[in-house]
Amino acid sequence: MRRVTVNCSSNYDVVIGKGILDETGRLTKQVCPKAQKVLIVSESNVAPLYMDRVKSSLTGEGFAVFEYVFEAGEQSKNIASISGMWGVMASNGFTRTDIVLALGGGVTGDMAGFAAATFLRGIKVIQVPTSLLAMVDACIGGKTGIDLPQGKNQVGAFHQPSIVIEDTSCLDTLPDSVFTEGMGEVLKYAYIMDTELYEILSGAEDKADIRKNLDLIEDIIARCAYDKAYVIGEDENDNGLRQTLNFGHTVGHVIERDSNFTLAHGVCVAKGMGIIIRASVLSGKLDKDKADKMISLIEAYGLPSEDDITPEEAREGVLNDKKKRGDTISVILVTDIGRSEICKMTADEFLQFLKRK
Ligand code: GLY
(Lines give C-alpha, C1' and ligand atoms only; values in the text may rest on other atoms or scores of the structure.)
Protein backbone atom coordinates (compact mmCIF):
# COMPACT_ATOMS: atom_id res chain seq x y z
CA MET A 1 0.00 0.00 0.00
CA ARG A 2 1.39 3.42 -0.94
CA ARG A 3 0.68 6.63 0.96
CA VAL A 4 0.81 10.17 -0.33
CA THR A 5 0.20 12.87 2.29
CA VAL A 6 -1.69 16.03 1.47
CA ASN A 7 -0.45 18.84 3.72
CA CYS A 8 -3.08 21.55 3.89
CA SER A 9 -5.56 22.99 6.45
CA SER A 10 -6.27 19.40 7.52
CA ASN A 11 -3.55 16.91 6.61
CA TYR A 12 -4.67 13.57 5.21
CA ASP A 13 -3.36 10.58 3.32
CA VAL A 14 -4.18 9.18 -0.08
CA VAL A 15 -3.65 5.42 0.23
CA ILE A 16 -3.28 3.45 -2.97
CA GLY A 17 -3.18 -0.32 -3.48
CA LYS A 18 -4.79 -3.38 -4.96
CA GLY A 19 -7.66 -4.85 -2.96
CA ILE A 20 -7.66 -2.20 -0.23
CA LEU A 21 -11.43 -1.75 -0.45
CA ASP A 22 -11.56 -4.48 2.20
CA GLU A 23 -9.44 -2.27 4.46
CA THR A 24 -12.00 0.55 4.38
CA GLY A 25 -13.32 -0.17 7.89
CA ARG A 26 -9.87 -0.33 9.50
CA LEU A 27 -8.61 2.80 7.71
CA THR A 28 -11.81 4.68 8.57
CA LYS A 29 -11.50 3.74 12.24
CA GLN A 30 -7.92 5.02 12.29
CA VAL A 31 -8.77 8.48 10.99
CA CYS A 32 -12.24 8.90 12.55
CA PRO A 33 -12.04 7.08 15.90
CA LYS A 34 -15.13 8.84 17.34
CA ALA A 35 -17.44 8.10 14.41
CA GLN A 36 -20.33 5.68 14.89
CA LYS A 37 -22.34 6.06 11.67
CA VAL A 38 -21.37 6.08 8.02
CA LEU A 39 -23.55 7.10 5.07
CA ILE A 40 -22.20 5.44 1.93
CA VAL A 41 -23.10 7.52 -1.13
CA SER A 42 -22.85 5.63 -4.39
CA GLU A 43 -24.47 5.37 -7.82
CA SER A 44 -26.41 2.76 -9.74
CA ASN A 45 -23.43 1.37 -11.70
CA VAL A 46 -20.93 1.20 -8.85
CA ALA A 47 -23.11 0.14 -5.90
CA PRO A 48 -23.89 -3.36 -7.28
CA LEU A 49 -20.14 -3.98 -7.71
CA TYR A 50 -18.65 -2.70 -4.47
CA MET A 51 -21.29 -1.65 -1.94
CA ASP A 52 -21.45 -4.99 -0.11
CA ARG A 53 -17.66 -5.23 0.34
CA VAL A 54 -17.33 -1.70 1.69
CA LYS A 55 -20.36 -2.14 3.90
CA SER A 56 -19.11 -5.36 5.45
CA SER A 57 -15.65 -3.88 6.01
CA LEU A 58 -17.28 -0.99 7.91
CA THR A 59 -19.76 -3.08 9.90
CA GLY A 60 -16.86 -5.39 10.80
CA GLU A 61 -15.33 -2.42 12.65
CA GLY A 62 -18.61 -1.70 14.45
CA PHE A 63 -19.94 1.18 12.33
CA ALA A 64 -23.69 1.51 11.69
CA VAL A 65 -23.93 1.85 7.90
CA PHE A 66 -26.58 3.62 5.79
CA GLU A 67 -26.80 3.91 2.00
CA TYR A 68 -27.81 6.54 -0.52
CA VAL A 69 -27.64 5.28 -4.12
CA PHE A 70 -28.49 7.67 -6.98
CA GLU A 71 -29.00 7.12 -10.71
CA ALA A 72 -25.54 7.23 -12.36
CA GLY A 73 -24.75 10.33 -14.40
CA GLU A 74 -24.19 14.07 -14.33
CA GLN A 75 -27.98 14.67 -14.47
CA SER A 76 -28.19 13.49 -10.84
CA LYS A 77 -25.71 16.10 -9.64
CA ASN A 78 -28.31 18.42 -8.21
CA ILE A 79 -29.84 19.69 -5.00
CA ALA A 80 -32.53 16.97 -4.96
CA SER A 81 -29.84 14.30 -4.55
CA ILE A 82 -28.12 16.30 -1.81
CA SER A 83 -31.45 16.76 -0.06
CA GLY A 84 -31.94 12.98 -0.17
CA MET A 85 -28.56 12.49 1.55
CA TRP A 86 -29.31 15.13 4.18
CA GLY A 87 -32.65 13.35 4.79
CA VAL A 88 -31.04 9.96 5.48
CA MET A 89 -28.55 11.54 7.88
CA ALA A 90 -31.14 13.65 9.68
CA SER A 91 -33.56 10.73 10.10
CA ASN A 92 -30.84 8.51 11.51
CA GLY A 93 -29.37 10.91 14.04
CA PHE A 94 -25.99 11.59 12.40
CA THR A 95 -23.78 13.91 14.45
CA ARG A 96 -20.72 16.00 13.61
CA THR A 97 -18.36 13.13 14.32
CA ASP A 98 -20.09 10.82 11.81
CA ILE A 99 -19.08 10.26 8.22
CA VAL A 100 -20.21 10.45 4.62
CA LEU A 101 -18.26 8.01 2.44
CA ALA A 102 -18.17 8.56 -1.34
CA LEU A 103 -17.95 5.30 -3.29
CA GLY A 104 -17.74 6.00 -7.01
CA GLY A 105 -16.41 8.44 -9.59
CA GLY A 106 -16.17 12.22 -9.76
CA VAL A 107 -19.90 12.94 -9.56
CA THR A 108 -20.25 10.78 -6.44
CA GLY A 109 -17.24 12.37 -4.76
CA ASP A 110 -18.41 15.91 -5.50
CA MET A 111 -21.93 15.27 -4.22
CA ALA A 112 -21.03 13.24 -1.14
CA GLY A 113 -18.42 15.87 -0.28
CA PHE A 114 -20.98 18.65 -0.63
CA ALA A 115 -23.55 16.83 1.51
CA ALA A 116 -20.85 16.35 4.17
CA ALA A 117 -19.68 19.98 3.91
CA THR A 118 -23.18 21.30 4.54
CA PHE A 119 -24.88 18.83 6.92
CA LEU A 120 -24.65 20.23 10.48
CA ARG A 121 -22.30 22.85 8.92
CA GLY A 122 -19.79 20.16 8.16
CA ILE A 123 -19.23 16.51 9.00
CA LYS A 124 -16.43 14.19 7.92
CA VAL A 125 -16.06 12.83 4.43
CA ILE A 126 -14.03 9.89 3.16
CA GLN A 127 -13.36 9.52 -0.54
CA VAL A 128 -13.23 6.02 -2.05
CA PRO A 129 -12.87 6.69 -5.79
CA THR A 130 -13.50 3.87 -8.24
CA SER A 131 -12.69 5.61 -11.55
CA LEU A 132 -9.27 6.60 -12.87
CA LEU A 133 -10.37 10.21 -13.24
CA ALA A 134 -11.50 10.44 -9.63
CA MET A 135 -8.36 8.65 -8.34
CA VAL A 136 -5.92 10.97 -10.07
CA ASP A 137 -7.75 14.23 -9.63
CA ALA A 138 -11.33 14.78 -8.51
CA CYS A 139 -11.29 13.11 -5.11
CA ILE A 140 -8.11 14.81 -3.88
CA GLY A 141 -8.17 18.45 -2.81
CA GLY A 142 -11.61 18.94 -1.29
CA LYS A 143 -13.57 20.45 -4.15
CA THR A 144 -17.23 19.50 -3.72
CA GLY A 145 -20.41 20.68 -5.37
CA ILE A 146 -23.39 20.31 -7.64
CA ASP A 147 -24.45 21.65 -11.04
CA LEU A 148 -27.09 24.25 -11.85
CA PRO A 149 -28.98 24.42 -15.16
CA GLN A 150 -26.71 27.43 -15.88
CA GLY A 151 -23.46 25.52 -15.47
CA LYS A 152 -21.37 22.78 -13.98
CA ASN A 153 -20.22 22.91 -10.34
CA GLN A 154 -21.82 26.32 -9.81
CA VAL A 155 -22.61 25.65 -6.14
CA GLY A 156 -20.12 24.04 -3.81
CA ALA A 157 -17.62 24.26 -1.00
CA PHE A 158 -14.08 23.29 -0.19
CA HIS A 159 -14.23 20.36 2.21
CA GLN A 160 -11.13 18.18 2.59
CA PRO A 161 -11.57 14.44 3.15
CA SER A 162 -10.24 12.63 6.22
CA ILE A 163 -8.63 10.01 3.99
CA VAL A 164 -8.74 8.95 0.33
CA ILE A 165 -8.79 5.18 -0.24
CA GLU A 166 -7.86 4.17 -3.80
CA ASP A 167 -8.25 0.48 -4.63
CA THR A 168 -6.69 0.12 -8.06
CA SER A 169 -8.48 -3.22 -8.62
CA CYS A 170 -11.68 -1.19 -9.03
CA LEU A 171 -10.31 -0.06 -12.39
CA ASP A 172 -10.79 -3.62 -13.70
CA THR A 173 -14.54 -3.12 -13.99
CA LEU A 174 -14.42 0.27 -15.73
CA PRO A 175 -15.70 0.33 -19.31
CA ASP A 176 -12.84 1.17 -21.74
CA SER A 177 -14.31 4.58 -22.52
CA VAL A 178 -14.44 5.53 -18.83
CA PHE A 179 -10.86 4.40 -18.27
CA THR A 180 -9.70 6.34 -21.35
CA GLU A 181 -11.32 9.59 -20.26
CA GLY A 182 -9.32 9.36 -17.01
CA MET A 183 -6.16 9.45 -19.12
CA GLY A 184 -7.16 12.99 -20.14
CA GLU A 185 -6.52 14.17 -16.56
CA VAL A 186 -3.32 12.08 -16.33
CA LEU A 187 -1.94 13.78 -19.46
CA LYS A 188 -2.87 17.13 -17.94
CA TYR A 189 -0.41 16.59 -15.03
CA ALA A 190 2.33 15.59 -17.46
CA TYR A 191 1.80 18.72 -19.54
CA ILE A 192 1.43 21.31 -16.78
CA MET A 193 4.04 20.13 -14.28
CA ASP A 194 5.56 16.67 -14.61
CA THR A 195 8.12 15.97 -17.35
CA GLU A 196 8.96 12.55 -15.84
CA LEU A 197 5.33 11.56 -16.12
CA TYR A 198 5.44 12.76 -19.73
CA GLU A 199 8.44 10.49 -20.35
CA ILE A 200 6.64 7.54 -18.75
CA LEU A 201 3.50 8.13 -20.81
CA SER A 202 5.32 8.68 -24.09
CA GLY A 203 7.57 5.65 -23.47
CA ALA A 204 4.72 3.26 -22.58
CA GLU A 205 4.54 0.44 -25.09
CA ASP A 206 0.90 -0.23 -25.75
CA LYS A 207 -0.64 3.14 -25.07
CA ALA A 208 -4.11 2.25 -26.28
CA ASP A 209 -4.09 -0.76 -23.95
CA ILE A 210 -2.17 0.68 -20.99
CA ARG A 211 -4.92 -0.40 -18.57
CA LYS A 212 -3.66 -3.98 -18.88
CA ASN A 213 -0.40 -2.95 -17.20
CA LEU A 214 -1.77 -2.55 -13.67
CA ASP A 215 1.65 -2.01 -12.07
CA LEU A 216 2.40 0.87 -14.40
CA ILE A 217 -1.08 2.29 -13.86
CA GLU A 218 -0.53 2.18 -10.11
CA ASP A 219 2.76 4.10 -10.52
CA ILE A 220 1.00 6.66 -12.67
CA ILE A 221 -1.85 7.08 -10.16
CA ALA A 222 0.62 7.55 -7.30
CA ARG A 223 2.55 10.13 -9.35
CA CYS A 224 -0.61 12.09 -10.11
CA ALA A 225 -1.65 11.92 -6.45
CA TYR A 226 1.77 13.25 -5.48
CA ASP A 227 1.49 16.08 -8.04
CA LYS A 228 -1.98 16.98 -6.84
CA ALA A 229 -0.91 16.84 -3.19
CA TYR A 230 1.93 19.25 -3.98
CA VAL A 231 -0.44 21.69 -5.70
CA ILE A 232 -3.00 21.55 -2.87
CA GLY A 233 -0.23 22.05 -0.31
CA GLU A 234 0.78 25.25 -2.12
CA ASP A 235 -2.67 26.62 -2.93
CA GLU A 236 -5.57 24.86 -1.25
CA ASN A 237 -8.10 27.60 -2.02
CA ASP A 238 -7.51 27.90 -5.74
CA ASN A 239 -6.06 31.40 -5.80
CA GLY A 240 -2.90 30.63 -7.77
CA LEU A 241 -1.04 27.42 -8.59
CA ARG A 242 -4.16 25.24 -8.26
CA GLN A 243 -5.66 27.07 -11.22
CA THR A 244 -3.09 25.36 -13.46
CA LEU A 245 -5.04 22.11 -12.88
CA ASN A 246 -7.66 23.78 -15.00
CA PHE A 247 -5.60 23.31 -18.16
CA GLY A 248 -7.98 22.32 -20.94
CA HIS A 249 -11.00 22.77 -18.67
CA THR A 250 -12.04 26.31 -19.63
CA VAL A 251 -12.96 25.30 -23.17
CA GLY A 252 -13.59 21.69 -22.09
CA HIS A 253 -16.41 22.70 -19.74
CA VAL A 254 -18.14 24.64 -22.53
CA ILE A 255 -17.90 21.62 -24.86
CA GLU A 256 -19.18 19.35 -22.10
CA ARG A 257 -22.16 21.56 -21.33
CA ASP A 258 -22.99 22.12 -25.02
CA SER A 259 -23.06 18.33 -25.50
CA ASN A 260 -25.65 18.17 -22.71
CA PHE A 261 -23.14 16.06 -20.80
CA THR A 262 -23.28 13.31 -23.41
CA LEU A 263 -19.50 13.74 -23.82
CA ALA A 264 -17.43 12.60 -20.84
CA HIS A 265 -15.51 15.15 -18.77
CA GLY A 266 -12.05 13.72 -19.54
CA VAL A 267 -12.83 13.62 -23.27
CA CYS A 268 -13.81 17.31 -23.17
CA VAL A 269 -10.66 18.16 -21.20
CA ALA A 270 -8.59 16.40 -23.91
CA LYS A 271 -10.34 18.43 -26.62
CA GLY A 272 -9.87 21.61 -24.57
CA MET A 273 -6.14 20.88 -24.11
CA GLY A 274 -5.74 20.27 -27.86
CA ILE A 275 -7.48 23.56 -28.71
CA ILE A 276 -5.35 25.57 -26.25
CA ILE A 277 -2.12 23.84 -27.37
CA ARG A 278 -2.77 24.74 -31.02
CA ALA A 279 -3.72 28.34 -30.16
CA SER A 280 -0.58 28.64 -28.00
CA VAL A 281 1.61 27.75 -30.99
CA LEU A 282 -0.11 30.35 -33.14
CA SER A 283 0.36 33.03 -30.49
CA GLY A 284 4.07 32.22 -30.13
CA LYS A 285 3.78 30.77 -26.62
CA LEU A 286 4.74 27.18 -27.46
CA ASP A 287 7.10 25.55 -29.98
CA LYS A 288 5.33 23.66 -32.72
CA ASP A 289 7.38 20.48 -32.32
CA LYS A 290 6.51 20.29 -28.61
CA ALA A 291 2.87 20.97 -29.39
CA ASP A 292 2.85 18.23 -32.04
CA LYS A 293 4.25 15.74 -29.51
CA MET A 294 1.61 16.68 -26.96
CA ILE A 295 -1.23 16.43 -29.48
CA SER A 296 0.04 13.05 -30.76
CA LEU A 297 0.20 11.69 -27.22
CA ILE A 298 -3.39 12.74 -26.50
CA GLU A 299 -4.45 10.85 -29.61
CA ALA A 300 -2.23 7.84 -28.87
CA TYR A 301 -4.16 7.39 -25.63
CA GLY A 302 -7.39 7.21 -27.63
CA LEU A 303 -8.60 10.74 -26.87
CA PRO A 304 -9.70 13.47 -29.28
CA SER A 305 -7.70 16.70 -29.49
CA GLU A 306 -10.12 18.77 -31.57
CA ASP A 307 -13.70 19.94 -31.57
CA ASP A 308 -15.88 21.98 -33.88
CA ILE A 309 -16.70 24.56 -31.19
CA THR A 310 -16.17 28.06 -32.64
CA PRO A 311 -14.07 30.70 -30.83
CA GLU A 312 -17.28 32.73 -30.46
CA GLU A 313 -19.07 29.81 -28.74
CA ALA A 314 -16.09 29.29 -26.45
CA ARG A 315 -16.09 33.01 -25.54
CA GLU A 316 -19.81 32.91 -24.81
CA GLY A 317 -19.33 29.82 -22.64
CA VAL A 318 -16.55 31.24 -20.50
CA LEU A 319 -18.68 34.27 -19.59
CA ASN A 320 -20.48 31.87 -17.23
CA ASP A 321 -17.28 30.30 -15.93
CA LYS A 322 -17.28 30.23 -12.14
CA LYS A 323 -13.55 30.94 -12.16
CA LYS A 324 -14.12 34.29 -13.84
CA ARG A 325 -13.03 37.11 -11.53
CA GLY A 326 -14.47 40.48 -12.44
CA ASP A 327 -13.92 40.83 -16.17
CA THR A 328 -11.04 38.41 -16.49
CA ILE A 329 -10.67 34.68 -16.84
CA SER A 330 -7.54 32.70 -16.08
CA VAL A 331 -6.51 30.73 -19.11
CA ILE A 332 -3.88 28.08 -18.47
CA LEU A 333 -1.21 27.85 -21.10
CA VAL A 334 1.53 25.26 -21.37
CA THR A 335 4.72 27.00 -22.45
CA ASP A 336 6.85 23.85 -22.54
CA ILE A 337 6.16 20.20 -21.74
CA GLY A 338 5.85 20.18 -17.94
CA ARG A 339 5.61 23.95 -17.55
CA SER A 340 2.44 26.02 -17.33
CA GLU A 341 1.48 29.64 -16.95
CA ILE A 342 -1.68 31.40 -15.83
CA CYS A 343 -2.68 34.00 -18.38
CA LYS A 344 -5.35 36.55 -17.41
CA MET A 345 -7.55 37.51 -20.33
CA THR A 346 -10.82 39.30 -20.89
CA ALA A 347 -13.41 37.28 -22.80
CA ASP A 348 -12.58 39.31 -25.91
CA GLU A 349 -8.86 38.69 -25.56
CA PHE A 350 -9.67 34.99 -25.18
CA LEU A 351 -11.68 35.19 -28.41
CA GLN A 352 -8.72 36.78 -30.23
CA PHE A 353 -6.37 34.15 -28.76
CA LEU A 354 -8.55 31.34 -30.10
CA LYS A 355 -9.12 33.04 -33.44
CA ARG A 356 -5.47 33.47 -34.34
CA LYS A 357 -4.79 31.66 -37.56
N1 GLY B 1 -9.84 19.32 -10.37
C2 GLY B 1 -9.11 20.51 -10.24
C3 GLY B 1 -8.90 20.92 -8.83
O4 GLY B 1 -9.06 20.13 -7.92
O5 GLY B 1 -8.56 22.04 -8.61
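Details of the structure are given in the entry above.
All of the points below concern the structure found in this document. For clarity, every value in this text was computed on a predicted model and none was experimentally measured. (Residues numbered from 1 in each chain as written. Predicted model: local features only at pLDDT ≥ 70, side-chain atom pairs only at ≥ 80, totals over all residues. Heavy atoms only, no water.)

**Focus on the overall build of the protein chain**
Secondary structure summary: the protein chain contains 13 helices and 11 strands in total. Against the globule reference of 21 Å for 357 residues, the protein chain gives a C-alpha radius of gyration of 20 Å, in line with a compact fold. Principal-axis analysis of the C-alpha atoms places the extent of the protein chain at approximately 65 × 45 × 35 Å. Counting only residues that meet the buried cut, the protein chain has 57% of its 357 residues in that class. Restricting the contact set of the protein chain to residue pairs at least 6 apart, pairs at least 24 apart contribute 75%. Carbon and sulfur atoms make up 48% of the accessible area of the protein chain, which amounts to about 14,400 Å² in all. One finds the centroid of the 39 positive side-chain charges in the protein chain at a distance of 5 Å from the centroid of its 51 negative side-chain charges. (Helix = DSSP H or I, 4+ residues; strand = E, 2+ residues; numbered from the N terminus. Rg over C-alpha atoms; globule rule 2.2 N^0.38 Å. Buried < 20%, exposed > 50% of the residue type's maximum accessible area, 1.4 Å probe, protein only. Contact = heavy atoms within 4.5 Å. Areas by Shrake-Rupley, 256 points an atom, 1.4 Å probe, with all protein chains shown as cover. Lys, Arg positive; Asp, Glu negative; His and termini not counted. Charge placed at Lys NZ, Arg CZ, Asp CG, Glu CD.)

**Remarks on the site of the ligand**
What surrounds the ligand is the set Asp137, Lys143, Lys228, Arg242 and Leu245. Lysine 143 has a polar side-chain atom sitting 2.8 Å from an oxygen atom of the ligand. A distance of 2.6 Å separates an oxygen atom of the ligand from a polar atom in the side chain of lysine 228. Contact with the protein chains hides 86% of the accessible area of the ligand, taken as 200 Å² for the molecule alone. Counted by class, the shell around the ligand contains 1 nonpolar, no polar and 4 charged residues. (Near = heavy atom within 4 Å. Polar contact = N/O pair within 3.5 Å; in protein donor to acceptor, adjacent residues only side chain to side chain. Nonpolar A, V, L, I, M, F, W, Y, C, P; charged D, E, K, R; others polar.)

**Regarding the pattern of salt bridges**
Within the structure shown, the criterion is met by 31 salt bridges. When the shortest N-O distance is used, the salt bridge between lysine 55 and glutamate 67 registers 2.6 Å. With lysine 55 in helix α2 (residues 47-60) and glutamate 67 in strand β4 (residues 64-70), this residue pair connects regions lying 12 residues apart in the sequence. The exposure class assigned to lysine 55 is partly exposed, which follows from its relative accessible area of 26%. The salt bridge partner of glutamate 306 is arginine 278, with a shortest N-O separation of 4.0 Å. Residue glutamate 306 is located in the loop between α11 (288-300) and α12 (311-318), and its partner arginine 278 is located in helix α10 (residues 265-282); the two are separated by 28 residues in the primary sequence. Each member of the salt-bridge network shares a partner with another, and the members are Glu74, Lys77, Asp110, Asp147, Lys152 and Glu256. (Salt bridge = Lys/Arg side-chain N within 4 Å of Asp/Glu carboxyl O.)

**A look at the sheet that holds strand β3 (residues 37-43)**
Strand order in the open sheet formed by 7 strands is β1-β2-β9-β6-β5-β3-β4, and the pairing between neighbours is mixed. At either margin of the open sheet sits one strand with a lone partner, and together these are β1 (2-6) and β4. Ignoring which end each strand starts from, the neighbouring axes of this sheet average 20° apart. One ladder, built from 5 bridges, connects β1 with strand β2 (residues 12-17); its direction is antiparallel. Its bridge partner lying in β2, arginine 2 is registered against isoleucine 16. Against the sheet, helix α4 (residues 106-118) contacts β3, β4, β5 (99-104) and β6 (124-129), and its axis sits at roughly 170° relative to β5. (Pairing = 2+ DSSP bridges. Axes fitted to C-alpha atoms, helices over the stretch in contact; angles between N-to-C directions.)

**Section: the nonpolar core**
Soluble, globular proteins show a tendency: their nonpolar side chains are buried together. In terms of nonpolar packing, the biggest core is built from 98 residues, with Tyr191, Leu201 and Phe350 touching the most fellow members. Looking at which element gives the most residues to this core, the answer is helix α8 (residues 214-234), with 11 residues. Beyond its immediate sequence surroundings of up to four residues, leucine 201 is in contact with Met183, Val186, Leu187, Ala190, Lys207, Ile220, Leu297 and Tyr301. Among the nonpolar cores identified, the runner-up in size contains 20 residues, and Tyr68, Met89, Ala115 and Ile146 belong to it. (Core = buried A, V, L, I, M, F, W, Y, C linked by side-chain atoms within 4.5 Å.)

**Observations regarding unusual backbone geometry**
Although it is not a glycine, asparagine 260 sits at a positive phi angle of roughly 60°. Here asparagine 260 shows up in the loop between α9 (249-258) and α10. For asparagine 260, a relative accessible area of 64% gives the class exposed. Even without glycine at this site, phenylalanine 261 takes up a positive phi of about 65°. Of note, phenylalanine 261 is situated in the loop between α9 and α10. Judged by its relative accessible area of 29%, phenylalanine 261 falls in the partly exposed class.

**Details of α4**
Here α4 is 13 residues long and its end C-alpha atoms lie 18 Å apart, about the 18 Å a rise of 1.5 Å per residue gives. With 11 of its 13 residues buried, α4 lies for the most part within the structure. Taken together, the buried positions of α4 are Val107, Thr108, Gly109, Asp110, Met111, Ala112, Gly113, Phe114, Ala115, Ala116 and Ala117. In the segment just after α4, leucine 120 is the residue with positive phi, at about 50°. (Expected span 1.5 Å × (residues − 1).)

**A closer look at the side chain of aspartate 110**
Note on placement: aspartate 110 falls in helix α4. A relative accessible area of 11% means that aspartate 110 is categorised as buried.

**Details of the side chain of arginine 211**
Structurally, arginine 211 is set in the loop between α7 (195-203) and α8. Within the local environment of arginine 211, its side chain forms a polar contact with the backbone oxygen of leucine 171, the two atoms lying 2.8 Å apart. If near-sequence neighbours (up to four positions away) are discounted, arginine 211 is found in contact with Leu171, Asp172, Leu174, Pro175, Asp176, Phe179 and Ile217.

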